[in-house]
Amino acid sequence: MSSWKKLEEEVKQYAQYIWSRKAESDRLAGVNFDCVLTLSEIEKVIVEVTENNSLGKIRGDISRIQIIRTKMMANNIMVRPYIVCDFQPTQGMRDAGKENYVEVLSFSDFRKIFFDFDTYKHVRSNKTFGSAVDPITGENDEAVYTPVGYEILNSVEASADEIAQRIIDGKKVILLGDYGTGKSRCFREVFNILARRVDETLLYPIAIDLKETWGLESSVEIIRRHFNHLGIGEMETDSVVKAFNGKRICFLLDGFDELGSRPWSEDKKKLESIRRHALQGVKDLLSNAGAGFLVSGREHYFNSNKEMMTALGIREDRSVIARCKTEFSYEEFYRYLELNNIKVSLPSWLPRKPLILKTIASLDNDKISELFDSSSGDEIEFWYNFIDAMCERDSRIHPILDPDTVKHVLSRLASLTRERAQNVGPITESEVVNVFFEVTGSYPNEQSTVMLQRLPGLGRVSSETGDRNFVDDFVLDGLRALDLVNRIGSSDQNISNLKWLNPLRKLGVSILSREIKKRNLTSLFITYAKQSMQRDKSNKVSISDVLSALNQIEIDEIDFEGFDFMEPHFGDLNFERSNLKNIRFSDGVFESVTLGKIDPESVIIKDSCIDRLLGVSSSGGVPAWITNCEVLSYESIDTLTAIKKSGLTDEQTMLVSILIKVYRQAGNGRLEHTLTKGLTGVNKKSLKRIIQYLISNGFLVTSKDNGETIYKPVRQYQERIEKILNELDRSKDAVWEHVTMLSA
């Protein structure tokens, strides 16, 4: 299609949006016109399209229009004429049209008759984007965006530019991630990229914060509410409503998990029904959208990907799932430091999270040195020291509260978020005051009220409200663990009545384990777990947390005598030590399960949803004691980065790299120098022994190419090799055990 013909078709499409009538080329009174719309029996719109930027051509078109206008008026038909140019018309051209009541305008200005995107972009850009706000002011977060990668399921990482391009190409993108992992910053960055490319793509991004649309059940209601909140007039709103199911509007919807309440219930079907009803309007919008879109929300809001796709009205085969990483990569980490002018030397083991880096940067050099020296390279110990440093800093600023009181208030507030659908909050100002009273026995005075307004680790939800969220799960998870150990340690009878939704994750479980051991509370926690599981009314999240922690402590096995724990909710359950014995878990939610080398004794997980199963790389490696469960993801070892992160020994890592490159990657064999390409610190002696073992036992055959050895697979062993790669450190295969012995 020629550029002129393409322009003509686009003009027709916009004309249809503007006047809600069919636009087509037509012949009026013996003269051909590029675009004609019939508004009524007595009114027509004529649009001529031109690439010729001469004044003579414009005058000629005006003359033709005037002739037709006169003839049509004789038949009592009024004509509204436009000349649309693919260039910016000169003032002389505009004046020539104006003299004859013909509007001469550029294609860009013609599009603005449909929708003034420039105005929308200006207004929207000055509003907040989800949780991407400054934690102190509640206004837009003006920190420089750090380019990061977002994990695409079964693929490579994608940048914000690449996500934007997928949307331009018509893809339906779902962005998942916990609070503080950068969903809203990605959302804003993608909006900015798409907005910059509007003239090129003719695709208008509409960025909607879904928490504004609570209770709305149709796409039209959502669009009108959004424009009303921005203070943009009905004309622009009507234009988007008319065109939303075409190919010119792409929606960016942030926060599908913030649309409805997430009530406590043991009835999974009831919860699914509630979520489905809350998302009716979003489903109506997305299922009818004609262009690509981006929709984002919290990772564990739905029980499964299938439920998510159904509730959002998205076909799985036409969608792309992307995930925000929980931490920066090393490259992103140092880029963040550079962009945000953080000039401190930080250890490599430091959790690479923005809140932590910003807090560290606010400390003086002596305190930074003390913080890292006392942590001795231990992330858990660092958490304790980091929390202490954070509370001490705020206590120095506001001496009215001592550091221990600040920490106690924070841990109680962290406990409140256990019942919140958004995990990190919100926490109201009155709740902060009530917790202060609970901890100190008195209500805050003027000085302590100021302190409470800026408690460390909490940030403003927005500038319109005083509500707070925890701004990082690294801080939140550990505080929840402290609160739980304090509650059970003090025999708090109310804990069973709490309707917790959010379990401890990996860090929180580790801190809870350490606190149980440090305070000699193991017997008390075992008793709590056994007694609580047998009550009709119990806090199943707290029981799950306790079992996760007990499973990591160096103690004798805990025999649960065949008890069936129904509907548990684990954040992180690790079987590498495995103290649990004779227990079944049914109809539960497991956000992360890590398998050990040895199966636990008489433990069964059945009829449950496992978000991530670590220790095996596919369904082929799932042990028999995990039965009839939906597993959403496994430990990835198909990329170099994943192999490095798998926790294997150097020799095991070399073996996995060789087997993947020879047996799984496309092509007929691999050159010797590529077998461990990208791995650092490869022991050449061990590598030679591994390769020689594989050749002598018939798993590899060799040939030569320009003097270099090529290693090829022996396909009769393909199934056996796949089993090794699926089971990893759980494998009992002779190949795996031989290479493991090399590590000893």
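In this text the structure is predicted, and so the values were computed from the model without any measurement.

Definitions and cut-offs
- Residues numbered from 1 in each chain as written.
- Predicted model: local features only at pLDDT ≥ 70, side-chain atom pairs only at ≥ 80, totals over all residues.
- Heavy atoms only, no water.
- Axes fitted to C-alpha atoms, helices over the stretch in contact; angles between N-to-C directions.
- Helix = DSSP H or I, 4+ residues; strand = E, 2+ residues; numbered from the N terminus.
- Parallel < 35°, antiparallel > 145°, perpendicular 65-115°, else oblique.
- Left-handed = near helix turned anticlockwise from the far one by under 90°.
- Contact = heavy atoms within 4.5 Å.
- Nonpolar A, V, L, I, M, F, W, Y, C, P; charged D, E, K, R; others polar.
- Pairing = 2+ DSSP bridges.
- Phe/Tyr/Trp six-rings, centres within 6.5 Å; stacked < 30°, edge-to-face > 60°.
- Buried < 20%, exposed > 50% of the residue type's maximum accessible area, 1.4 Å probe, protein only.
- pLDDT = per-residue confidence, 0-100.
- Right-handed = clockwise from strand over helix to strand, strands pointing away.

Colleague: Tell me about the packing of helix 27 (residues 684–696) against helix 29 (residues 734–743), residues and numbers included.
Modeller: Following both chains from N to C, one finds helix 27 and helix 29 inclined at 155 degrees, their axes separated by 11 Å at the closest point. When the axes of helix 27 and helix 29 are compared, the pair comes out roughly antiparallel. For the pair helix 27 and helix 29, the sense of crossing is right-handed. Along its contact with helix 27, which presents R689, I690, Y693 and L694, the element helix 29 presents A734, V735, H738, V739 and L742. Of the residues in the contact of helix 27 with helix 29, the class split is seven nonpolar, one polar and one charged.

Colleague: Would you mind going over the sheet that holds strand 25 (residues 630–631) in detail, with residue names and values included?
Modeller: Strand order in the open sheet made by the four strands is 16-19-22-25, with parallel pairing throughout. In this open sheet, the two edge strands, each paired with only one partner strand, are strand 16 (569–570) and strand 25. With two bridges joining them, strand 19 (residues 589–590) and strand 22 (residues 609–610) adopt parallel strand pairing. Residue pairing for strand 22: F590 is matched across the bridge by I610.

Colleague: Tell me about the packing of aromatic side chains, residues and numbers included.
Modeller: Enumeration over the complete set of coordinates arrives at 19 aromatic pairs. Between F117 and Y120 the ring centres are 6.0 Å apart and the planes differ by 35 degrees, which places this aromatic pair in the tilted class. Of this pair, F117 and Y120 both sit in helix 5 (residues 117–125), three residues apart, roughly one helical turn. Accessibility expressed as a relative area gives 3% for F117, which makes it buried. Residue Y120 is classed as buried on the basis of its relative accessible area, which comes to 1%. Considering the side-chain rings of F570 and F590, the 5.1 Å spacing of their centres and the 15 degrees angle between planes classify their relative orientation as stacked.

Colleague: Can you break down the confidence of the model for the protein residue by residue, with the values?
Modeller: When the pLDDT values of the protein are averaged, the result is 81; 83% of them are 70 or greater. Ranking the elements of the protein by mean pLDDT puts helix 25 (residues 640–644) last with 56 and helix 24 (residues 540–550) first with 93. Note that pLDDT drops below 50 for residues 262–266; the model gives that stretch 17 contacts with residues more than four away or on any other chain.

Colleague: Any details on the pairing of strand 4 (residues 78–85)? Residues and values, ideally.
Modeller: Along a regular strand, successive side chains alternate from one face of the sheet to the other. Burial analysis of strand 4 places six of its eight residues in the buried class, the great majority of the element. Sheet analysis places strand 3 (residues 43–50) next to strand 4, joined by eight bridges and oriented parallel. Paired with I46 across the strands is P81, a residue of strand 4. Handedness of the crossover joining strand 3 and strand 4 through helix 2 (residues 55–74): right-handed. Direction of pairing for strand 4 relative to strand 5 (residues 103–106): parallel, over a ladder of four bridges. The residue of strand 5 that forms the bridge with I83 is V104.

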